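# Breakdown of the fold
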Amino acid sequence: EVQLQASGGGLVQAGGSLTLSCEASGFSVADYAIGWFRQVPGKEREGVSCINSHRAAYYADSVKGRFDISTDNAKNTLSLQMNSLEPEDTAVYYCAATPKYISWCFLGMNYWGRGTLVTVSS
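The rules behind the values
- Residues numbered from 1 in each chain as written.
- Predicted model: local features only at pLDDT ≥ 70, side-chain atom pairs only at ≥ 80, totals over all residues.
- Heavy atoms only, no water.
- Salt bridge = Lys/Arg side-chain N within 4 Å of Asp/Glu carboxyl O.
- Helix = DSSP H or I, 4+ residues; strand = E, 2+ residues; numbered from the N terminus.
- Pairing = 2+ DSSP bridges.
- Axes fitted to C-alpha atoms, helices over the stretch in contact; angles between N-to-C directions.
- Disulfide = S-S within 2.5 Å.
- Buried < 20%, exposed > 50% of the residue type's maximum accessible area, 1.4 Å probe, protein only.

Moving on, we come to the pattern of salt bridges. Opposite charge on two side chains makes pairing possible when the charged atoms of those side chains draw close. Enumeration according to the criterion identifies 5 salt bridges in this entry. Two residues, Asp61 and Lys64, come together in a salt bridge whose shortest N-O distance is 3.1 Å. Among the ionic pairs, Arg66 bridges to Glu86, the shortest N-O distance being 3.9 Å. Pair noted here: Arg66 is in the loop between strand 6 (57-59) and strand 7 (67-72) and Glu86 is in the loop between strand 8 (77-82) and strand 9 (91-98), with a separation of 20 residues, a long-range link. Put simply, Arg38, Glu46, Arg66, Glu86 and Asp89 are held in one network by salt bridges that share partners.

Have a look at this one:
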C-alpha cells in the first residue's frame, strides 16, 4: 500500500527556514514522480516543487531560489528545504506521488499524504 506522511511544519518568522520531510512507504521515491503542493483555505491547491519521471526538478516561480527539493533514496524520503520564508508561504503542505511516466509533475499525482501546516509570521 502506497503511503506518504509529511512532517516538519510549524511556526516560523519571516526570513526563517524550515525543512519538510515526506516519508514514503509501499514504493520507492527513486521510481515515482514526486513532489510538494500547498493549499491555503479557500484557495486552490498549487504545486510548489516536484521531481518528474526524468528526475528533473521543477519549482513554482514564487519559490525559485528559496526552496530546494531532494530525495534520499536510502531513507525513502522526500524533503523540501525552505529558506527566506515569507508570510505568503503560509499553507498546508502536502507530498504526492505517481508511478505514471510524466514530465510535467505539477499535474497527474495519484497518491497524497496528509498535510503539514506551515505558518510564517510577519
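Let us now look at the sheet that holds strand 3 (residues 18-25). What the 4 strands build is an open sheet, ordered 1-3-8-7; its pairing is antiparallel. Either end of the sheet is taken by a strand with one partner, and the two such strands are strand 1 (3-7) and strand 7. Between one strand axis and the next, the sheet turns through 15° on average, direction left out of account. Where strand 7 meets strand 8, 6 bridges bridge the pair, whose relative direction is antiparallel. Bridge assignment links Asp72 to a residue of strand 8, and that residue is Thr77.

To continue, consider the state of the cysteines. With the rule as written, the count across this model stands at 2 disulfides. A sulfur-sulfur distance of 2.1 Å marks the disulfide that ties Cys22 to Cys95. Negative torsions about the S-S bond denote left-handed disulfides, and the value of about 65° found for Cys22 with Cys95 makes this one right-handed. You can see Cys22 sitting in strand 3 and its partner Cys95 sitting in strand 9, a full 73 residues away along the chain. The pair Cys22 / Cys95 is uniform in exposure class, with both members buried. The cystine pairing of the protein, numbering bonded cysteines in sequence order, is 1-3, 2-4.

Keep in mind these values describe shape, not function.
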